[in-house]
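Topology and contacts: notes
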Amino acid sequence: MQECRFNIFGTLIAVRGHPGAWRAFYLGAEGKRRPADFIIPDDIGADALCEYLADLFHEEATPRNNTATQIGSSAFEA
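Computed from a predicted structure; not experimentally measured.

What follows concerns the packing of aromatic side chains. What the rule picks out here adds up to two aromatic pairs. For the ring pair Tyr26 and Phe38, a centre distance of 6.1 Å and an interplane angle of 70 degrees mean the geometry is edge-to-face. With Tyr26 in strand β3 (residues 23-27) and Phe38 in the loop between β4 (33-35) and α1 (49-56), this pair connects stretches of sequence that are 12 residues apart. Across the pair, exposure class does not vary: Tyr26 and Phe38 are buried alike.

Here you go:
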């Protein structure tokens, strides 16, 4: 199982799991996380998560926050 973290147009998002069983969370500045209000389709692979999230949240892009980047990843035992 793995966790990837992203900065999507200024919103911090963590995605945990594996293809077919992703769980997404919004990350707060104080280190807390809450379940995200969107789903990730089963056919999205780990290498396509950033692009998928950028497509999903493209309306939140601003001139100041106009990038979608992966900011970390880790593997762990479930």
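On to the pairing of β3, then. Within β3, four of the five residues are buried, which leaves it mostly tucked inside the rest of the structure. In the sheet, strand β2 (residues 11-17) pairs with β3 via four bridges, with the strands oriented antiparallel. Paired with Ala14 across the bridge in β3 is Phe25. Here β2 folds back onto β3 in antiparallel fashion, the turn holding five residues, of which Gly20 has a positive phi close to 95 degrees. In this structure, β3 lies alongside β4, joined through three bridges in antiparallel fashion. If you follow Tyr26 over to β4, its bridge partner there is Arg34. Between the end of β3 and the start of β4, which pair antiparallel, lie five residues, with Gly31 showing a positive phi angle near 95 degrees.

With that settled, consider the nonpolar core. Residues Val15, Phe38, Ile40 and Leu53 are the most contacted members of the largest nonpolar core, which totals 19 residues. Looking at this core, the elements that each hand over two or more residues are β1 (2-8), β2, β3 and α1. Among the elements that take part in this core, α1 stands out by supplying five residues, more than any other. In this structure, Val15 is in contact with Gln2, Glu3, Cys4, Phe6, Trp22, Arg23, Ala24, Ile40, Leu49 and Leu53, ignoring residues within four places of it in sequence.

Quick look at the sheet that holds β4 now. Strand order in the open sheet formed by five strands is β4-β3-β2-β1-β5, and the pairing between neighbours is antiparallel. Either end of the sheet is taken by a strand with one partner, and the two such strands are β4 and β5 (68-75). Sheet twist, expressed as the mean angle between neighbouring strand axes with direction ignored, is 25 degrees. For β1 and β2, the ladder comprises seven bridges, and the chain directions are antiparallel. The residue bridging Glu3 from the neighbouring strand is Arg16, located in β2.

Most peptide bonds adopt trans geometry, and most residues besides glycine take a negative phi value. Positive phi, close to 55 degrees, is recorded for Phe9, a residue that is not glycine. For Phe9, the location among the structural elements is in the loop between β1 and β2.

What counts, and at which threshold
- Residues numbered from 1 in each chain as written.
- Predicted model: local features only at pLDDT ≥ 70, side-chain atom pairs only at ≥ 80, totals over all residues.
- Heavy atoms only, no water.
- Phe/Tyr/Trp six-rings, centres within 6.5 Å; stacked < 30°, edge-to-face > 60°.
- Helix = DSSP H or I, 4+ residues; strand = E, 2+ residues; numbered from the N terminus.
- Buried < 20%, exposed > 50% of the residue type's maximum accessible area, 1.4 Å probe, protein only.
- Pairing = 2+ DSSP bridges.
- Core = buried A, V, L, I, M, F, W, Y, C linked by side-chain atoms within 4.5 Å.
- Contact = heavy atoms within 4.5 Å.
- Axes fitted to C-alpha atoms, helices over the stretch in contact; angles between N-to-C directions.

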